[in-house]
4 protein chains.
Amino acid sequence: MGFRFSIVLNLLGQLKDRFSVYQQVRSLEEKLAIACSVEGVTGVEMVFPDELVDIELARDLLAKHNLHLSSVNVNLKGDPRWHQGALTASDRATRAEAVRWIVRGMEIAADLGSNLVTMCPLADGHDYPFEIDFNTPWNHFIQGIQSAADSHPEVRLSLEYKASEPRAQVIIGTVGKTLYACDQIDRTNVGVTLDTGHALFAGEHAAQSAALLSQARRLFLVHGNDNYRNWDWDMVPGSVNFWDFLESTFYLMRDYDGWIAFDVSPTRLDPTQVMQSSVRMFRVAEALISQVGPDEIARSIAQGPMASMGLFLTFLEGRLQLGQIAG
Amino acid sequence: MGFRFSIVLNLLGQLKDRFSVYQQVRSLEEKLAIACSVEGVTGVEMVFPDELVDIELARDLLAKHNLHLSSVNVNLKGDPRWHQGALTASDRATRAEAVRWIVRGMEIAADLGSNLVTMCPLADGHDYPFEIDFNTPWNHFIQGIQSAADSHPEVRLSLEYKASEPRAQVIIGTVGKTLYACDQIDRTNVGVTLDTGHALFAGEHAAQSAALLSQARRLFLVHGNDNYRNWDWDMVPGSVNFWDFLESTFYLMRDYDGWIAFDVSPTRLDPTQVMQSSVRMFRVAEALISQVGPDEIARSIAQGPMASMGLFLTFLEGRLQLGQIAG
Amino acid sequence: MGFRFSIVLNLLGQLKDRFSVYQQVRSLEEKLAIACSVEGVTGVEMVFPDELVDIELARDLLAKHNLHLSSVNVNLKGDPRWHQGALTASDRATRAEAVRWIVRGMEIAADLGSNLVTMCPLADGHDYPFEIDFNTPWNHFIQGIQSAADSHPEVRLSLEYKASEPRAQVIIGTVGKTLYACDQIDRTNVGVTLDTGHALFAGEHAAQSAALLSQARRLFLVHGNDNYRNWDWDMVPGSVNFWDFLESTFYLMRDYDGWIAFDVSPTRLDPTQVMQSSVRMFRVAEALISQVGPDEIARSIAQGPMASMGLFLTFLEGRLQLGQIAG
Amino acid sequence: MGFRFSIVLNLLGQLKDRFSVYQQVRSLEEKLAIACSVEGVTGVEMVFPDELVDIELARDLLAKHNLHLSSVNVNLKGDPRWHQGALTASDRATRAEAVRWIVRGMEIAADLGSNLVTMCPLADGHDYPFEIDFNTPWNHFIQGIQSAADSHPEVRLSLEYKASEPRAQVIIGTVGKTLYACDQIDRTNVGVTLDTGHALFAGEHAAQSAALLSQARRLFLVHGNDNYRNWDWDMVPGSVNFWDFLESTFYLMRDYDGWIAFDVSPTRLDPTQVMQSSVRMFRVAEALISQVGPDEIARSIAQGPMASMGLFLTFLEGRLQLGQIAG
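Residues numbered from 1 in each chain as written. Chains lettered and ligands numbered in written order. Predicted model: local features only at pLDDT ≥ 70, side-chain atom pairs only at ≥ 80, totals over all residues. Heavy atoms only, no water.

Visitor: Quick one: what's the story with the sheet that holds strand β11 (residues 219-224) of chain C, residue by residue and with numbers?
Guide: Backbone hydrogen bonds are what pair the strands of a sheet, in a parallel or an antiparallel way. All names here are of chain C. Read around the barrel, eight strands follow the order β1-β4-β5-β6-β8-β10-β11-β12 and close on themselves; strand pairing throughout is parallel. Taken over all neighbouring pairs, the strand axes of this sheet differ in orientation by 30 degrees on average, direction set aside. Taken together, the six bridges between strand β4 (residues 41-48) and strand β5 (residues 68-74) define a ladder with parallel strand orientation. Pairing of Glu45 across the sheet is with Ser71, part of β5. (Pairing = 2+ DSSP bridges. Helix = DSSP H or I, 4+ residues; strand = E, 2+ residues; numbered from the N terminus. Axes fitted to C-alpha atoms, helices over the stretch in contact; angles between N-to-C directions.)

Visitor: So, the relation of the copies chain D and chain A: which residues are in play, and what are the values?
Guide: In screw terms, the move from chain D to chain A is a rotation of 180 degrees and a rise of 0.0 Å along the axis, fitting with an RMSD of 0.0 Å. Expressed as a symmetry operation, the mapping of one chain copy onto the other fits a two-fold axis. Closest to the rotation axis within chain D is the C-alpha of Asn241(D), separated from it by 2.6 Å. A shared interface surface links the copies, since 100% of the contact residues of chain D are contact residues in chain A too. (Least-squares fit on C-alpha atoms with pLDDT ≥ 70 in both. Contact = heavy atoms within 4.5 Å.)

Visitor: An account of the interface of chain D and chain A is requested, with residue identities and associated values reported.
Guide: Listed by partner, the interface residues are 41 residues for chain D and 41 residues for chain A. Summing the contributions of chain D and of chain A, the shared interface buries around 3,800 Å²; its carbon and sulfur component is 67%. Within the residue set of the side of chain D that touches chain A, elements represented by two or more residues are α8 (242-255), α9 (271-292) and α11 (305-319) of chain D. A per-element tally of the side of chain D that touches chain A places α9(D) first, with 12 residues. (Buried area = accessible area lost by both parts, 1.4 Å probe.)

Visitor: Now, about the pairing of strand β11 (residues 219-224) of chain A: what can you tell me, with residues and values included?
Guide: The side chains of a regular strand alternate, first on one face of the sheet and then on the other. Residues and elements named next belong to chain A. By the criterion of burial, β11 is predominantly enclosed, with six of the six residues buried. In the sheet, strand β10 (residues 190-195) pairs with β11 via four bridges, with the strands oriented parallel. Each bridged residue has a counterpart across the sheet, and for Leu194 the counterpart in β11 is Val222. Bridge count between β11 and strand β12 (residues 259-262): three bridges; the pairing is parallel. Across the sheet, the residue bridging to Gly224 is Phe262, located in β12. The handedness of the β11 to β12 crossover, carried by helix α8 (residues 242-255), is right-handed. (Buried < 20%, exposed > 50% of the residue type's maximum accessible area, 1.4 Å probe, protein only. Right-handed = clockwise from strand over helix to strand, strands pointing away.)

Visitor: Tell me what's going on with the pairing of β12(A), and back it up with residues and numbers.
Guide: Residue and element names in this part refer to chain A. Neither face of β12 is open: one carries Trp259 and Ala261, the other Ile260 and Phe262, and all of them are buried. Strand direction decides the pairing type here: strand β1 (residues 4-8) and β12, joined by four bridges, are parallel. The residue of β12 that forms the bridge with Arg4 is Trp259.

Visitor: Pulling in residues and values, what's your account of the packing of helix α9 (residues 271-292) of chain C against helix α11 (residues 305-319) of chain C?
Guide: Residues and elements named next belong to chain C. The geometry of α9 relative to α11 is characterised by a closest axis approach of 11 Å and an angle of 105 degrees between their N-to-C directions. If you check the angle between α9 and α11, you find them roughly perpendicular. Contacts between α9 and α11 involve Leu288, Ile289, Gln291 and Val292 from the former and Leu311, Phe312, Phe315 and Arg319 from the latter. Broken down by class, the residue content of the contact of α9 with α11 amounts to six nonpolar, one polar and one charged. (Parallel < 35°, antiparallel > 145°, perpendicular 65-115°, else oblique. Nonpolar A, V, L, I, M, F, W, Y, C, P; charged D, E, K, R; others polar.)

Visitor: Break down the interface of chain B and chain A for me, with residues and values.
Guide: A common way to report how large an interface is uses the accessible area buried once the components associate. Opposite the 45 residues of chain B that make contact, chain A presents 45 residues. Between chain B and chain A the total buried area reaches about 4,100 Å² when both faces are included, carbon and sulfur atoms providing 59% of it. Three residues, Phe130(B), Phe134(B) and Tyr180(B), lead the burial of chain B against chain A; their summed loss comes to 22% of the area buried on that side. Counting across the interface, chain B meets chain A through 22 residue pairs in polar contact (both at pLDDT 80 or more). Of all the secondary-structure elements, those providing two or more residues to the side of chain B that touches chain A are α4 (136-151), α5 (175-185), α7 (206-215), α8 (242-255), α10 (294-301) and α11 (305-319) of chain B. Counting residues per element, the side of chain B that touches chain A draws most heavily on α8(B), at seven residues. For the side of chain B that touches chain A, the class distribution of residues is 24 nonpolar, 12 polar and nine charged. (Polar contact = N/O pair within 3.5 Å; in protein donor to acceptor, adjacent residues only side chain to side chain.)

Visitor: Summarise the pattern of salt bridges; cite the residues concerned and give the values.
Guide: One pass over the full model with this rule turns up 88 salt bridges over all chains. The partner of Glu107(D) in a salt bridge is Arg104(D), and the shortest N-O contact between them spans 2.9 Å. Placement of the pair is Glu107(D) and Arg104(D) together in helix α3 (residues 92-111), with a separation of three residues, close to one helical turn. Taking relative accessible area as the criterion, Glu107(D) reaches 33% and is therefore assigned partly exposed. Given a relative accessible area of 34%, Arg104(D) falls into the partly exposed group. Taken together, the salt bridges that share partners define one network made up of Arg18(A), Lys162(C), Glu165(C), Asp232(C) and Asp234(C). (Salt bridge = Lys/Arg side-chain N within 4 Å of Asp/Glu carboxyl O.)

Visitor: Can you tell me about the relation of the copies chain B and chain A, naming the residues and giving the values?
Guide: The two copies are related by a screw operation: chain B maps onto chain A through 180 degrees of rotation and 0.0 Å of translation along the axis, at an RMSD of 0.0 Å. The fraction of interface residues of chain B whose copies in chain A are also interface residues reaches 100%, indicating that both copies meet through the same surface.

Spelled out as structure tokens, the structure:
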């Protein structure tokens, strides 16, 4: 049946970095119009609060554009109130406010027919040596997520890990630390968003992280993108690490039936083209896996890396009508 | 009272890398003689099997050199039998043999008065995309450690994580994944070896990893060294990342009373000098923390990074008799 | 006599990144007031065009605050016109405009008593495989710098290299490529800005880059900051890599008599404190080098790394009144 | 006409790393027999001195196996005499001996019908801060290469750059620094070996480095392999970074007609399979480029990254018989 594709909606609006501002400001309606023009995309991930101020408007526009709300992305980083930390702020009121934002995101997710909230705690971390005490923030983080999760047990709350940016160290930077946090949080409605680019940036192989997460029944959401493993460049999925991408696609086809939300940043490029390329790249990967054959691939893996590589090479040689070399 | 320092003993013998062989072959006695010549060192970590073939000889030589056995390091990577994996080998007999080696290491640790075994599973991992199935090896790893741990509940078994080398990916590469594994292993005698260089290589701040591990009561052993965060260079502790080193020393002084074993590689240098420099660097760090004042440091951390940096700067300005600038 | 310290002025204003906006908007006068409140700072690096629209105002305000213009920083990245490249844009008019901006920066530098322009070509690069042809942009870059340099042979034009950001690859990413470019440009008034953090981010040791640049008579300017070698975090100089910082300070004390401009980003912190800490860190480093003794250090380097490390350890042990260990 | 493929011969013998020894010891004849069993391989790169002790034997065995000598690889790192540096050793006699080894390698290259020597100066570098003076070794390096180059102006001497290993910093670590060194060496028979994995490890895009080198008429040799950009893993070319591999293949097809020597390390794998996979991967890449069309690719590059990506996607969709999406 294949994947369901979604777009992280704010990436269709105006973007910025340390040095520049890119693209024009676009209204919710304009962003949804772009999203629904991308063939194969049937959902959007909307950011709370920015894109979810007026819930009825959001509901109407989603219906009008025939798009599902794949997930609500609670932004606990951008607003100045979070600059010294959100769930781990030393100020108690700030921490409570951070929990309230997540709870509100969960309500909206339930209301709009998605039961999934994703949150990447990018304000919770540190930059300098001797900047924070390392024990207290961890406890605050665990407790904050527990409180939020308990408010709506029927809505799934998905933690998105990332090694750094804008903080040099983010509190949950790797798949392992996030799974460890999930164990401590100890709630069945808490899971993990695998941003494949964040996995690569953290030194992981995304396929392995996907396998570990699905084995733990914690793989709630996938953000699709790619990079050069040194930073979260948010590039078109598979546009750099094609074999890794094929490998994670292989695992996701087997173990995952949620959304693939494109967290791909167009900055200097045409947003529609960037998102359409993302769909196409996934479809090429799915077709490659299907046509080579998942069972064949699984068997070849058991015979070592040259066997599985040989399987793909033989397939490609066939499609390229190359005279064959026995591997 | 201060730290207890140990040396990972095989680093005082012959060393090699992909391209060269360094230092001469040295007998157990010669290596222990070097270790006991290093002022401040009172223990050694010995490698099983290489350095622990003859247990009575080891016992006698340790006594003769007035050295403690800080820990037994079970080598599940070097021998060709482990090249296709040890605890995660697809071959059942190989996995069982790997468990037996750990169990034997635990017996020796008990017999020689250390109750601590450390093991870094460097053969358990992979290199290529589509090389291994990612689910089965994880389960084998968990079960293997459980079996070994249950054989001697009174001996502590400490898992040393490392991102890569010689495998491009090692099964436990980060502090988070190792704590998550400990949760699944679920044995109180299983913990973690924090190799500070491995932490840096994994993109962690060693102080944060130390705090997380001691909070979880899993910090069983510390391997001291340093690097440029891009590879496990096994350099003198604090010789690159001095502030990180001070910070982890601050946490270890507060939360840890086990051994600091120097996992520092002398290759082209004089081994005694390298190990002596390691002791001296730690003593300088301890003195700095003590003289600035752990309580003062804790208070300044609560005021942000410029406050704690200012505290250290003021101290150094004083010792350097610099005219002071109000920070 | 010591270093002359400067501040890259726009860092005292409002800052942003992909996710947030930090600090308030500050006028030129407010920024200069902060700069001149930092003890030890006697200059500022001002950004063209943003901070150099009204030259007479700039002249007056500099005089009023008793600050020198250390250098003019020509910003060829931020404005949307540069998004598809500046000196290497495929559009001829855009390339000509980029040259004009540099020329204008050189005029202003001459007019305001600095004869130094620095420019970091962050829009000139690429992100994706098969995005650009790799031959033509290089030639355009060389020719563009030649044109600009020839317009004012008495003003020095300094190229600041950086591996990436916002582009995944910037056209001059390393000290080597920049020196190679200087050879091809072949003008004596063209040199290099060593941003010590950029050097670390490029995998270099800043001291080595400083030595290579001064040997080539191309070290025109130094930007002081620090990071974790994985990104341009723009942290207080020496706050992470203290030994590297000491080492580059050692070379700069010997071979360089230009400005040290702090390219340190305060985002969530108090700008004055951040800049004051930068001055203090440099003064501590200078004092350490001076008191240990540059000649002693040079001699110890000839005896290998444990000798030079021992020299510093002995000094620190003395200042900490530690009982000494013979290294 | 296509590439000429060669194998770095010592990789077919016994291999080691810090922890293990892999594969059996194999005689020169055994290694050549493996090499000539790899379909598509017509040359070998032989290591001096190890594999070139008996020149007449080498000549006979090459002829017997119908293999060309693509290049002589002068090993200035492995032997203990080079541990404290080779061309940059502080000892004058050691430096002279290093030059003699290169000269001898050049003689052998001429004698055996290759006129190409490659040398990677892995012993020339440093590990610790304050370990070496940074000026003198650079000059020694330049002078040493000049002396060697002048001894046989008709033989090409190719410098292979690498960021690190076994040294934390190697004297020529990037394409830029090597081109800058070539400028200073100033000899037409001195050029550069582009090891594509070293380029990635240095943070470069190999295609860009290839373009810069061929533009400078310094691209003398290509070593083919791949890695995860964090270390020189010496994996099958294209097995990780497929798009980068395609891109560098595109440039090499256009601008290079020398050898592609596989510097791929089999350690735990079957050497024949590893080398055969390397040939197959290159042929797949060549076929892909040819069938998509180099002119088409060049035109699409001029239209931006989504255009060139779309070109490849359209091609793959066609071969996978996927219903097409307009990009």
